[in-house]
Amino acid sequence: MKELILVLTGAGISAESGVPTFRGEGGLWKQFKPEELATPQAFFKNPKLVWEWYDWRRQIISKAEPNEAHLLLAELERRLENFFIITQNVDGLHQKAGSKKVIELHGNIWRVKCTNCKEEYELYEVPLKEIPPKCKYCGGLLRPAVVWFGESLPEKALSESFALAKNCKLFLVIGTSGVVYPAGYLPFLAKQHGAKIVEINPESTPISKIADVVIREKASKGLRLFEKML
Ligand code: NAD
Ligand code: ZN
């Protein structure tokens, strides 16, 4: 078995596909900060407002195509068999680029969950005809099946991610501010277990100080440089 290479991606990898990040410019919608909308409290206070924001994001994502960085990662997976992606993104662009071994830590924007009967299913309608949308089984209020600030992560995805982080030889961190936990902890766990850390991000993050190699570039250019190092 070849040595395990692990990749953690954040909103920055999809920036070149035109999907706004949460932190940094271009992430604002109607002057609301994502931190004020991506919470259970905000949702139950005003589901219509939160769904309008999700509908806006779903429209952007529906038009977005994977960029060179997503495609290069898909190609690396085909070439290096022991290769996994853990993503904090909810846009599904890794899968659209052809990556198969992807762990979604924060869910997927195309899935919905009923707040009443708890059924979860895919809903691709974009833009939504009715806001907030209602459950097709019981008519209850639907929510996006994503992880909001203050909520716990899907258990299986989290335990798999911890196991991978502890066992990888190389951990590549792309386009994440590293401030959302526990995802932001994974590079530290990998480092403690002896992995080499490579960061691709145009800006400095808390992960930069433990990185063995820092590539201060956008995801696509950074990955082209990384490929040459392999
Ligand atoms: P973040 O918004 O906190 O940070 C984005 C990071 O990407 C920053 O460090 C920034 O310097 C970097 N960046 C910006 N442009 C880049 C580029 N072209 N190439 C490489 N890096 C670039 O994002 P986060 O760390 O992923 O955490 C925010 C949370 O927001 C996550 O939980 C995620 O689920 C969610 N989110 C997802 C999407 C998406 O699915 N595309 C978009 C926005 C937010
Ligand atoms: Zn229901």
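In what follows, the structure referred to is the one given above.
Residues numbered from 1 in each chain as written. Chains lettered and ligands numbered in written order. Predicted model: local features only at pLDDT ≥ 70, side-chain atom pairs only at ≥ 80, totals over all residues. Heavy atoms only, no water.

A. Up close: the coordination of the zinc ion (ligand 2). Taken together, Cys114 (SG), Cys117 (SG), Cys135 (SG) and Cys138 (SG) make up the full set of protein donors to the zinc ion (ligand 2), lying 2.3 to 2.4 Å away. Its four donor atoms give the zinc ion (ligand 2) angles of 99 to 116° at the centre, a pattern that matches the tetrahedral case. On the primary sequence, the residues serving as donors to the zinc ion (ligand 2) are separated as C-x2-C-x17-C-x2-C. Here the residue Cys117 occupies a position in the loop between strand S4 (107-114) and strand S5 (120-122), and Cys138 occupies one in the loop between S5 and strand S6 (142-146), the gap between them amounting to 21 residues. For Cys117, a relative accessible area of 32% translates into the label partly exposed. Exposure remark for Cys138: the relative accessible area of 35% places this residue in the partly exposed category. (Donors = N, O, S within 2.8 Å, 3.2 Å for Na, K, Ca; no water. Tetrahedral: all angles 85-135°; square planar, octahedral: opposite > 155°, others 65-115°. Helix = DSSP H or I, 4+ residues; strand = E, 2+ residues; numbered from the N terminus. Buried < 20%, exposed > 50% of the residue type's maximum accessible area, 1.4 Å probe, protein only.)

B. Structural detail: the packing of aromatic side chains. Considering all chains together, one arrives at eleven aromatic pairs under this definition. Between Tyr54 and Trp148 the ring centres are 6.4 Å apart and the planes differ by 55°, which places this aromatic pair in the tilted class. Of this pair, Tyr54 sits in helix H3 (residues 47-63) while Trp148 sits in the loop between S6 and helix H6 (155-167), and the two are 94 residues apart along the sequence. Classification of Tyr54 by relative accessible area gives buried; the value is 2%. Chaining the aromatic ring pairs together yields one cluster made of Phe22, Phe43, Phe44, Trp51, Trp53, Tyr54 and Trp148. Over the face of the ring belonging to Trp53 we find Arg57, whose NZ or CZ atom lies 4.7 Å from the ring centre. Note that Arg143 overlies the ring of Trp148, its terminal NZ or CZ placed 3.9 Å from the centroid. (Phe/Tyr/Trp six-rings, centres within 6.5 Å; stacked < 30°, edge-to-face > 60°. Lys NZ or Arg CZ within 6 Å of the ring centre and 35° of its normal.)

C. Looking closely at unusual backbone geometry. With omega at -5°, the peptide bond leading from Val126 into Pro127 counts as cis. Tracing the backbone through its elements, the reader meets Pro127 in the loop between S5 and S6. Cis geometry marks the peptide bond from Tyr181 to Pro182, where omega comes out at 5°. Structurally, Pro182 is set in the loop between strand S7 (170-174) and helix H7 (186-192). Residues other than glycine seldom take positive phi values, yet Lys118 does so here, at roughly 70°. Note that Lys118 resides in the loop between S4 and S5. In this structure Lys118 comes out as exposed when scored by relative accessible area, which is 57%.

D. Main features of the packing of helix H4 (residues 68-79) against helix H8 (residues 219-229). The N-to-C vectors of H4 and H8 enclose an angle of 30°; their axes lie 8 Å apart at closest approach. Considering their axes alone, H4 and H8 lie roughly parallel with respect to each other. Of the residues in H8, those touching H4 at Glu68, Ala69, Leu72, Leu73, Glu75, Leu76 and Arg79 are Ala219, Ser220, Leu223, Arg224, Phe226 and Glu227. Residues of the contact of H4 with H8, tallied by class, amount to seven nonpolar, one polar and five charged. (Axes fitted to C-alpha atoms, helices over the stretch in contact; angles between N-to-C directions. Parallel < 35°, antiparallel > 145°, perpendicular 65-115°, else oblique. Contact = heavy atoms within 4.5 Å. Nonpolar A, V, L, I, M, F, W, Y, C, P; charged D, E, K, R; others polar.)

E. A look at the sheet that holds strand S8 (residues 196-200). In spatial order, the strands read S3-S2-S1-S7-S8-S9; together these six strands make up an open sheet with parallel pairing. Each end of this open sheet is capped by a strand with a single partner; those strands are strand S3 (102-104) and strand S9 (213-215). Put simply, the sheet's adjacent strands are angled 15° from each other on average, direction ignored. As defined by bridge partners, strand S1 (residues 5-9) adjoins S7 across five bridges and the pair is classed as parallel. Paired with Val7 across the strands is Leu172, a residue of S7. Contacting S1, strand S2 (83-87), S3 and S7, H6 crosses the sheet at an angle of about 130° to S3. (Pairing = 2+ DSSP bridges.)

Take it as geometry only, folks, not as evidence of what the structure does.
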